[in-house]
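Overview (structure and organization)
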Amino acid sequence: MLDTSLIGKASDILRNGGIVVFPTETVYGIGASAYNDKAIRRIFSIKSRPHNNPLIVHVSTLEQVNLITTNIPKPVKNLMATFWPGPLTIILPRSSRISHLVTGNLTTVAVRMPDHPIASMLIRSLGEPIAAPSANRSGRPSPTNIEHVRRELGEDVDMVLDGGMCRIGLESTVIDMSTDIPCILRSGAITKNMIQSTIGQITLHNPSHEIIESKSPGMQYRHYAPNFRIIPVPPNTWVQTMHKWRNSNKHIGILCHQTAVKDESVSFYRHIPGTHEEYAKGLFAAFLDAETEHIDILLVETVPEQGVGIAIMDRIRRAQTYDK
Ligand code: AMP
Ligand code: MG
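Keep in mind that what you see is a predicted model, and the values were worked out from it rather than measured.

Thoughts on the environment of aspartate 156
- By the secondary structure assignment, aspartate 156 is in the loop between helix H7 (146-153) and strand E7 (159-160).
- Accessibility expressed as a relative area gives 36% for aspartate 156, which makes it partly exposed.
- Separated by 114 residues in sequence, aspartate 156 and arginine 42 place their C-alpha atoms 9.8 Å apart.
- Ignoring sequence-local partners within four residues, the contact set of aspartate 156 consists of Arg42, Ile46 and Arg137.

Some words on the pattern of salt bridges
- Taken as a whole and judged by the stated rule, the model has 15 salt bridges.
- In this structure, glutamate 291 and arginine 151 form a salt bridge, with 3.9 Å as the shortest nitrogen-oxygen distance. With a gap of 140 residues between them, glutamate 291 in helix H11 (residues 276-291) and arginine 151 in helix H7 connect regions that are remote in the sequence.
- Classification of arginine 151 by relative accessible area gives partly exposed; the value is 38%.
- Across the salt bridge formed by glutamate 171 and arginine 315, the nearest N and O atoms sit 2.8 Å from each other. With glutamate 171 in the loop between E7 and strand E8 (173-176) and arginine 315 in helix H12 (residues 309-319), the pair connects residues that are 144 residues apart, well separated along the chain.
- Residues joined by salt bridges that share partners form a network here, namely Arg140, Glu147, Arg151, Glu152 and Glu291.

Some points on the sheet that holds strand E1 (residues 20-22)
- Strand order in this open sheet of 9 strands is E7-E1-E2-E6-E3-E5-E4-E8-E9, and the pairing throughout is mixed. Only two strands of the sheet have a single neighbouring strand rather than two, namely E7 and strand E9 (183-186).
- Here strand E2 (residues 29-33) pairs with strand E6 (residues 130-131) via 2 bridges, running antiparallel. Counted as the bridge partner of serine 33 is isoleucine 130 from E6.

Here's the deal with the sheet that holds strand E11 (residues 252-256)
- Across the sheet, 4 strands lie side by side as E10-E13-E11-E12; this open sheet has parallel pairing. Every other strand in the sheet has two partners, leaving strand E10 (229-233) and strand E12 (268-271) as the edge strands with one partner each. Averaged over all pairs of adjacent strands, the angle between strand axes in this sheet comes to 15 degrees, irrespective of strand direction.
- Bridging between E11 and E12 involves 4 bridges; their strand directions are parallel. Bridged to cysteine 256 within E12 is histidine 271.
- Packed onto the sheet, helix H10 (residues 238-245) meets E10, E11 and strand E13 (297-301) and runs at close to 175 degrees relative to E13.

Things to note about the packing of aromatic side chains
- According to the stated counting rule, one finds 1 aromatic pair in the structure shown.
- Arranged with centres 6.1 Å apart and planes meeting at 70 degrees, the rings of phenylalanine 284 and phenylalanine 287 form a pair that is edge-to-face. A residue pair is termed a helical-turn pair when its members lie 3 or 4 positions apart in one helix, as phenylalanine 284 and phenylalanine 287 do in helix H11 at 3 residues.
- Classification of phenylalanine 284 by relative accessible area gives buried; the value is 0%.
- By relative accessible area, which is 0% here, phenylalanine 287 ends up buried.
- Its end group placed over the ring of tyrosine 35, arginine 97 keeps NZ or CZ at 3.6 Å from the ring centre.

Describing unusual backbone geometry
- Omega for the peptide link from tryptophan 84 to proline 85 comes to -10 degrees, which places this bond in the cis form.
- Among the structural elements, proline 85 can be located in the loop between helix H4 (74-83) and strand E4 (88-93).
- Positive phi, normally seen in glycine, also occurs at serine 48, with a value near 55 degrees.
- Considering the arrangement of structural elements, one finds serine 48 in the loop between helix H2 (37-47) and strand E3 (56-58).
- Phi at histidine 294 takes a positive value of approximately 50 degrees, unusual for a residue other than glycine.
- With respect to the element layout, histidine 294 can be found in the loop between H11 and E13.
- Residue histidine 294 is classed as exposed on the basis of its relative accessible area, which comes to 64%.

Digging into the nonpolar core
- Within the largest apolar cluster, 44 residues are counted, with the highest numbers of intra-cluster contacts made by Ile30, Leu79, Trp84, Leu88, Ile90 and Ile195.
- Among the elements that make up this core, the one with the highest residue count is H2 (5 residues).
- Among the nonpolar cores identified, the runner-up in size contains 24 residues, and Phe268, Ala280, Ala290 and Ile316 belong to it.

Observations concerning the packing of H7 against H11
- For the pair H7 and H11, the least separation of the axes is 11 Å and the interaxial angle reads 55 degrees. Comparing the axis directions of H7 and H11 gives the class oblique. As for the relative orientation of H7 and H11, their crossing is left-handed in sense. Contacts from Glu147, His148 and Arg151 of H7 reach H11 at Ala285, Leu288, Asp289 and Glu291.

The rules behind these values
- Residues numbered from 1 in each chain as written.
- Chains lettered and ligands numbered in written order.
- Predicted model: local features only at pLDDT ≥ 70, side-chain atom pairs only at ≥ 80, totals over all residues.
- Heavy atoms only, no water.
- Helix = DSSP H or I, 4+ residues; strand = E, 2+ residues; numbered from the N terminus.
- Buried < 20%, exposed > 50% of the residue type's maximum accessible area, 1.4 Å probe, protein only.
- Contact = heavy atoms within 4.5 Å.
- Salt bridge = Lys/Arg side-chain N within 4 Å of Asp/Glu carboxyl O.
- Pairing = 2+ DSSP bridges.
- Axes fitted to C-alpha atoms, helices over the stretch in contact; angles between N-to-C directions.
- Phe/Tyr/Trp six-rings, centres within 6.5 Å; stacked < 30°, edge-to-face > 60°.
- Lys NZ or Arg CZ within 6 Å of the ring centre and 35° of its normal.
- Core = buried A, V, L, I, M, F, W, Y, C linked by side-chain atoms within 4.5 Å.
- Parallel < 35°, antiparallel > 145°, perpendicular 65-115°, else oblique.
- Left-handed = near helix turned anticlockwise from the far one by under 90°.

Listed below in structure tokens is the structure:
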């Protein structure tokens, strides 16, 4: 486990306007004090993140949520009681305590209480919320281990806290609770059914892509894409797919899950058996490991769009947008 004196050092860096990469249960975050505009600007610049793509504010107490929002309705309190700390980001009306830089000029703020000992110790030690997007350059897969953080961001940050591999491996579920009809803007490990069983009567709205993109600016950008082409492969089509690609002049990689594809002659081979949660955990790490093998195409096994499978398929589809 991490030497706790490093937490004190990291919170001093944040207090002085520095940037620290830290682990959460979802993916690694690149953090600054949510109250320091200069440091927030540096995050946007390091990531090359468009300024209208707001940051998630990470808190360790409900008092901090009260400070940065104006009103917490009963259903939101229920969500917080059920899923926090955990991988659920909630969009609420912002207070004037939080700057326009963090919220990308929106009237709302995204807030989450992470469920990771290093993340919560760091926020507690700073005594202020930490604004932290994922620790990747804009448009790239999010890092879920320290090797990928270092490869992605190099020397551009002031400190990196090593928490090993992230437990979930996909970014948090984002739910907009600032309007009458709650709406999931990004899928994650906390599923629509889980949310519905908590906030009951309220109709959850499944918006079209256009609505999501207008409500959550980050979703309109190219996302999660490694530097090769991704081809999704339904599990029952591996045989035809391998027949098609095995003797092509492309460098092929395989990422399989329920099917142990028998072809280790390819340039990259990874089999992640087990539950869909285990597949989710290793997905981005596999993308980033495959990059070092200089492949042209990664064949990626699909999963049914149920439970966390919705988030897995969302990330695979978005990662496909790379055009080689
Ligand atoms: P990241 O922290 O890189 O995982 O990205 C945060 C995601 O949350 C992006 O897709 C943002 O567009 C979204 N987000 C952050 N703040 C808001 C907000 N106030 N309203 C809607 N979406 C937001
Ligand atoms: Mg991100």
